[in-house]
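Structural description and commentary
Next come the chains, spelled out residue by residue.
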Amino acid sequence: MTVTGVRATARILARDDGRGGTSLPVLEGDGPLALRRTRASGAEARVMLVGAMSGPLGGDRFAVEAKVAEGARLSVGSAAATIALPGQTKGEAHYDIRLDVADGGELAWLPEQLISARGSDLYVTTRVELGARARLVLREEQVLGRAGEEPGRLTSRLTVRVEGRAVLDQELACGPGAPGGWDGSAVLGGRRAVGQLVVVRPEFAAEPVAARMLGEEAALMPLAGPAVLVSAVAADALRLRRLLDEALAALG
Amino acid sequence: MSRAALLVLADGRFPAGGHAHSGGAEAAVKAGRITGGASLEDFCRGRLHTAGLVSASLAAAAVLGLDVRELDAAADARTPSPALRAAARKLGRQLLRAARATWPGDELDAVAREFPKGAHQPVVLGLAARAAGLEAVDAAYCAAYESVSGPASATVRLLSLDPFDATGALARLAPELDRVVDRAVEAARRAVDDGVDALPAASGPLLEIGAEAHAAWAVRLFAS
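Residues numbered from 1 in each chain as written. Chains lettered and ligands numbered in written order. Predicted model: local features only at pLDDT ≥ 70, side-chain atom pairs only at ≥ 80, totals over all residues. Heavy atoms only, no water.

In the nomenclature of an unreviewed UniProt entry, chain B corresponds to Urease accessory protein UreF from the organism Streptomyces cylindrosporus. Looking at the Function (unreviewed entry) heading of the UniProt record, one finds this comment for chain B: "Required for maturation of urease via the functional incorporation of the urease nickel metallocenter." The record held by UniProt for chain B lists under Subcellular location (unreviewed entry) the comment "Cytoplasm". (UniProt positions renumbered as here; feature names shortened; annotations may be inferred.)

Quick look at the overall build of chain B
Counting secondary structure elements, chain B contains ten helices and zero strands. Each helix and strand of chain B, placed in order from N terminus to C terminus, yields the pattern α-α-α-α-α-α-α-α-α-α. Along the three orthogonal principal directions, the C-alpha set of chain B runs to about 45 × 35 × 35 Å. Looking at chain B alone, contacts between residues at least 24 apart form 81% of all its contacts between residues at least 6 apart. (Helix = DSSP H or I, 4+ residues; strand = E, 2+ residues; numbered from the N terminus. Contact = heavy atoms within 4.5 Å.)

Notes on the overall build of chain A
On a plain count of helices and strands, chain A comes out with one helix and 18 strands. The C-alpha atoms of chain A give 18 Å as radius of gyration, which agrees with the globular expectation for 252 residues (18 Å, within 12%). In terms of overall dimensions, chain A has C-alpha extents of about 50 × 45 × 30 Å along its principal axes. The 252 residues of chain A split such that 54% are buried. Considering only contacts within chain A whose residues lie at least 6 apart along the sequence, 70% involve residues at least 24 apart. Just so you have it, chain A exposes about 10700 Å², and 48% of that area is on carbon and sulfur atoms. Computed over 30 positive and 31 negative side-chain charges, the separation of the two mean positions in chain A equals 2 Å. (Rg over C-alpha atoms; globule rule 2.2 N^0.38 Å. Buried < 20%, exposed > 50% of the residue type's maximum accessible area, 1.4 Å probe, protein only. Areas by Shrake-Rupley, 256 points an atom, 1.4 Å probe, with all protein chains shown as cover. Lys, Arg positive; Asp, Glu negative; His and termini not counted. Charge placed at Lys NZ, Arg CZ, Asp CG, Glu CD.)

Some details on the environment of I34 of chain B
All names here are of chain B. Among the structural elements, I34 can be located in the loop between helix 2 (25–30) and helix 3 (37–63). The buried category is assigned to I34, whose relative accessible area is 1%. In this structure the C-alpha to C-alpha distance between I34 and T155, which are 121 residues apart in sequence, comes to 8.3 Å. When neighbours within four sequence positions are excluded, I34 is seen to be in contact with A25, A28, V29, S39, L40, F43, T155 and L159.

Description of the pattern of salt bridges
Should the charged atoms of two oppositely charged side chains come close, the side chains can pair. All names here are of chain A. Tallied over the full model, the rule gives 31 salt bridges over all chains. Here R19 makes a salt bridge to D17, at a shortest N to O gap of 3.8 Å. A relative accessible area of 72% means that R19 is categorised as exposed. In this structure, E141 and R241 form a salt bridge, with 2.7 Å as the shortest nitrogen-oxygen distance. (Salt bridge = Lys/Arg side-chain N within 4 Å of Asp/Glu carboxyl O.)

Some remarks on the nonpolar core
With 129 residues, the main nonpolar core has L74 and V160 of chain A together with L9 of chain B as its most contacted residues. The element contributing the most residues to this core is helix 3 of chain B, with 13 residues. Residue contacts for L9 of chain B: discarding those within four places in its chain leaves F14, L95, W103, L125, A128, A129, L134 and C142 of chain B. Among the nonpolar cores identified, the runner-up in size contains 18 residues, and V137, V199, A234 and A247 of chain A belong to it. (Core = buried A, V, L, I, M, F, W, Y, C linked by side-chain atoms within 4.5 Å.)

What to know about helix 7 (residues 121–131) of chain B
All names here are of chain B. With respect to burial, helix 7 is a largely interior element, nine of its eleven residues being buried. Buried residues of helix 7: Q121, P122, V123, V124, L125, G126, L127, A128 and A129, and no others. Close packing links the buried residues of helix 7 with helix 1 (4–10), helix 3, helix 4 (68–77), helix 5 (82–102), helix 6 (106–114) and helix 8 (136–159). Count one or two residues on from helix 7 and you reach G133, which has phi positive near 80°.

Structure representation (structure tokens):
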């Protein structure tokens, strides 16, 4: 008998409802990926990703696709942290996130942390395509192991394009079996939490934000395009979140 | 082709200005992350598998004739730190000047016209290798080796580290350097058909954050 992992794709489509709000003509959960619409805030529709099962486990293939149509505003969060766990199936699990924001659309993608548990093997791909004058706030946090636990293997690639042009393309590989030096002084320096916050705003093209340090181990960096990246490492998830929250607040 | 041209290009005395940059070692020394031979090796290993792999693949892709503007944009997207982007362009401009004098040709002249502020150094390195009649694998070796030799020689100066310890660390990294070059060239070949997205994007968060911290210092020994 061949043991295969779970395959699941959740889909969201957000559209300007023509009455000053955002409608969600598509809101489809799938198996372990359940979606809930929560109370809207002004013109923005809000969706919560609810993990109906734990996972992803080895061999699973999860995907989330969110599309924000012209002029629509969508905010997506998650009810809890995602924990990558080892499964019955050998081999890596995949989690693919595909986010498209059309001209003048706005997306806040603010999930809880991804925790890489011992023995897990997960490859996360996040691809964001933004149209002209689209706005984005995206947070990505990885925690290496639960409290006091060795991490699993985690590889995460994040690509952000504005009008077809890549403004950010970064991959981080860590845990047992990752290329050497991942825990060393050029990459994570023994820290167990690592995160990125990407903010894209059309006004950054004319008024770029100046680079600055946020403490010793986080920096706010203007990218080659209308975008900034906050990159941070921290001892734990709590400190990491505090750094990224402060950075977002400072951007106004 | 003359394989010996690789020695000319890879020589630390090739007048391309690389000696003024520490490859992040100065920031790591100040932060207490490099304190001696063992931690230097650890730093270099991480840099090799991240920035080194990316540089090697960009250089190899430039030798294989990928569009220079696309490669330069790919390098920008893989370098979030504005201090590192500026350093890479400055080094690219200096390398291009030396390469045009050493291996004159139309292709390098065109790059100088198209990028008056400099193109990313690994891309220029690949074009220089191409002008010297070298192959993709040669350019990848040169870029991968530079990613570790720079911090190693800078650390000798910064910490008065025994040079034997520094070269010992480089020698121990040699088998991994071979593997990084293999990966880089393989990715560059894929990029010929699939475009620059096929190039690796491995990143070291502390390299980028450290470069920003370093750029804010009032006084420093190295430019980056």
